[in-house]
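Chain and residue survey
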Amino acid sequence: MIAKVYLKRGKEESLLRRHLWIFSGAIARIENDENLLEGDIVDVYTNDKQFIARGHYQIGSITVRILTFQQEEINQDWWTLRIRQAYQVRQAQGLVDSKITTCYRLVHGEGDMLSGLVVDIYGTTAVVQCHSVGMYHSRKQIATAISKVYGSKIESVYDKSSRTLPFKAGIDTCDGYLTAQHNHVGYVLENGLKFEVNWEEGQKTGFFIDQRVNRELVRRYSKGRRVLNTFCYTGGFSVYAADGGATEVVSVDSSERAVELASRNMKLNFGEQIPHKAIAMDTFDFLKEMDDSFDLVILDPPAFAKHHKVVHEALKAYKRLNAKAMQKIKSGGILFTFSCSQAVNKEQFRMAVFSAAAIAGRRVRILHQLTQPEDHAINIYHPESEYLKGLVLYIE
Ligand code: SAH
């Protein structure tokens, strides 16, 4: 029997506004919970016993992740419909069957009404990443739904959830293919440029798809500039800078494997002759030692704040990083600076960059305010799905 979660009086407010999480503090009691396990489907009721939603049960501060506000069965047809709806949005965005871009995000968690699920498409491979036990238990149905919606266009579905499932769930799992066909490494196109993607060994699902639109802007500003791409990972921004006509590109990442991959991607697009230096080094150290000859700098660090508790420390790190870059960038230089920390909001990030400008004592104009691309859609009722923030600055 499905367990019934009763909310404290008045705690249905946010659900009526279609927010998708129920926190433990909102719950009055749970009925039929003798056999309730993390990941099971539960029904949510108001204190007055009115049904409001159905979702995945989770142990922790988020106790229910809502899947639907209707009393409908969560079966294969349900999964296929949700995946089809996500697909139709990407079709409307021109991403499905595009000749110049073959990688995009198909499912962006709450943005696609699938809390706890991410699916990225790399050519003929889909990479599924579950952030909740409920989604993990449904992974085979999700893979079947992807196959039904895409037909032969998707050959292989890879599950990469081992590092994203809640640690406390204690699920001992390894990543692996959910289909008979196993595509191990792929080459994708993004805005006409080529990239090698290794979803089995790479960070996240293999590539940072969320910078696609911002990378195009780097391409636009790179002509005749000496470009520094820090935290470069696969060299996404480096490749666009070179394509845009940069005189030289320097890619920096603390990971040796990342800078090798960045070099491979540069060669894949431009051959051996391209003026590119790849340096395995800590960005903070690099900025301390570098000269002042760069006139386009990209700062795209990993999330400095993964939780609200560490926001203060993260803001200090953003301030320090940006101040260093602003001190050294050439006059008339362009700085692309990003934060992908969900816990840091737009205003806080802008404030950190403002403080950095003041420390560096430079005259700074904001040229663009950037965010995540259209396939990382934001659910209007669930603003937490917005995470990427960026500023493009002109430094006099
Ligand atoms: N800009 C990239 C994504 C960056 S992901 C893109 O467009 O794809 C963050 C990267 O920062 C990772 O590759 C990680 O290895 C690197 N990194 C983390 N800490 C670092 C540090 N202190 N110095 C340099 N690189 C770092």
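Residues numbered from 1 in each chain as written. Predicted model: local features only at pLDDT ≥ 70, side-chain atom pairs only at ≥ 80, totals over all residues. Heavy atoms only, no water.

The subject of this paragraph is the overall build of the protein chain. Counting its regular elements, the protein chain contains 10 helices and 20 strands. Whereas a compact globule of 396 residues would reach a radius of gyration of roughly 21 Å, the protein chain reaches 22 Å, a difference of no more than 12%. Principal axes of the C-alpha set define a box for the protein chain whose edges measure 65 × 45 × 35 Å. Expressed as a percentage of the 396 residues in the protein chain, the buried residues total 55%. (Helix = DSSP H or I, 4+ residues; strand = E, 2+ residues; numbered from the N terminus. Rg over C-alpha atoms; globule rule 2.2 N^0.38 Å. Buried < 20%, exposed > 50% of the residue type's maximum accessible area, 1.4 Å probe, protein only.)

Attention now moves to the sheet that holds strand β8 (residues 117-122). If you trace the five strands from one edge of the open sheet to the other, you get β7-β8-β9-β10-β11, paired in mixed fashion. The sheet is open, and its two edges are formed by β7 (103-108) and β11 (176-177), each paired on a single side. For strand β10 (residues 156-159) and β11, the ladder comprises two bridges, and the chain directions are antiparallel. Pairing of Tyr158 across the sheet is with Tyr177, part of β11. (Pairing = 2+ DSSP bridges.)

The environment of the ligand is made up of 16 residues, and the closest members are Arg215, Asp253, Asp282, Thr283 and Asp300. At a separation of 2.9 Å, an oxygen atom of the ligand approaches a polar side-chain atom of Arg215. Note that a nitrogen atom of the ligand is positioned 3.0 Å from one of the backbone N or O atoms of Phe231. Against a free-state accessible area of 580 Å², the protein chains account for coverage of 88% of the ligand. Looking at the shell around the ligand residue by residue, the class counts come to seven nonpolar, five polar and four charged. (Near = heavy atom within 4 Å. Polar contact = N/O pair within 3.5 Å; in protein donor to acceptor, adjacent residues only side chain to side chain. Areas by Shrake-Rupley, 256 points an atom, 1.4 Å probe, with all protein chains shown as cover. Nonpolar A, V, L, I, M, F, W, Y, C, P; charged D, E, K, R; others polar.)

Moving on, we come to the side chain of Arg212. For Arg212, the location among the structural elements is in helix α5 (residues 212-221). Since its relative accessible area comes to 3%, Arg212 is described here as buried. Discounting residues that sit within four places of it in the chain, Arg212 has contacts with Leu95, Thr101, Cys103, Tyr104, Glu190, Asn191, Tyr240, Pro373, Glu374 and Asp375. (Contact = heavy atoms within 4.5 Å.)

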